[in-house]
Amino acid sequence: WSSDVCSSDLRARRVSPVHVMERRHRQPWPGMGTVLLLLAASVIWHSAAPDAGWARTVGVAVQGLALLATLRISNETPRLFRLASVLVPLAIVLTVVGDVVQGNAGDLLSGLVGLLIVLACPVAIVRSVVKHPTINLQTVLAAICIYLLLGLLFAYILGVEIAIVGGHFMDGVGSTGRPTGADLLYFSFITLTTTGYGDITAARSEEHTSELQSRQY
């Protein structure tokens, strides 16, 4: 009789709401710190790497790893994680194709691929925070990750606009008016922080619109 009681208690503990919440709040490896390191590495890479196709491919690969790490943290369904595990390498391949094509069409393809990954990352991070609503160090790291993603997001948006519109797009980036990836990232972050040094400025109405949206965020 005592053994039956013990087994009943164990079954009750297995389905107890308290234990369900404990499992839900547990932070699995790799943790939000890993995502932050990957995103910081991506920002540093885009700022320091040469304006070449292979450098853009590396940046997209690092951002893809950050997306996979975020999905791992948020305990998404295995099907969604497997789908992302297929789409991230596909995105890398498409970036390589865009670099091979070159010209505005290649820049547009590479920019759209990077933009989609950067858009997916904040969604996964927010879902992770919602599943772990306790405010702790992980929450703070998640907020920093989203800030870095906003900087990358507006840099990619500007890059896509340049590929579509073409022509002289910025002042202060040379006679061609076409900024590099590092220029776009620099302009994005100084706009987000409302610093506005004035060394790089918008030369067309399309970019003024993007700059205004960035400042609003």
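As a reminder, the structure under discussion sits directly above these lines.
Computed from a predicted structure; not experimentally measured.

**Details of the environment of L153**
Consideration 1: For L153, the location among the structural elements is in helix α7 (residues 137-165).
Consideration 2: Here L153 falls in the buried class, since its relative accessible area comes to 15%.
Consideration 3: Put simply, L153 and L115 are 38 residues apart on the chain and 6.4 Å apart in space, counted from C-alpha to C-alpha.
Consideration 4: Not counting residues within four places of it along the chain, the set of residues in contact with L153 comprises L115, V118 and L119.

**Concerning the packing of helix α5 (residues 78-101) against helix α6 (residues 103-131)**
Consideration 1: Interhelical geometry of α5 versus α6 gives an angle of 160° and a closest axis separation of 7 Å. On the basis of the axis angle, α5 is roughly antiparallel to α6. By crossing handedness, the relation of α5 to α6 is classed as left-handed. On α6, the residues touching A91, L94, T95, V97, G98, D99 and V101 of α5 are G103, A105, G106, L109, S110, V113 and I117.
Consideration 2: Split by residue class, the contact of α5 with α6 holds eight nonpolar, five polar and one charged.

**A short note on the side chain of Q63**
Consideration 1: Within the element layout of this structure, Q63 appears in helix α4 (residues 53-73).
Consideration 2: Apart from the residues lying within four places of it in its own chain, the contact partners of Q63 are S42, H46, G114, I117, V118, C121, L152 and Y156.

**Describing the state of the cysteines**
Consideration 1: For the coordinates displayed, the defined rule picks out zero disulfides.
Consideration 2: Of the cysteine sulfurs around C145, a residue in no disulfide, the closest is that of C121, at 8.9 Å.
Consideration 3: Overall, the relative accessible area of 0% leaves C145 in the buried class.

Parameters at a glance
Residues numbered from 1 in each chain as written. Predicted model: local features only at pLDDT ≥ 70, side-chain atom pairs only at ≥ 80, totals over all residues. Heavy atoms only, no water. Helix = DSSP H or I, 4+ residues; strand = E, 2+ residues; numbered from the N terminus. Buried < 20%, exposed > 50% of the residue type's maximum accessible area, 1.4 Å probe, protein only. Contact = heavy atoms within 4.5 Å. Axes fitted to C-alpha atoms, helices over the stretch in contact; angles between N-to-C directions. Parallel < 35°, antiparallel > 145°, perpendicular 65-115°, else oblique. Left-handed = near helix turned anticlockwise from the far one by under 90°. Nonpolar A, V, L, I, M, F, W, Y, C, P; charged D, E, K, R; others polar. Disulfide = S-S within 2.5 Å.

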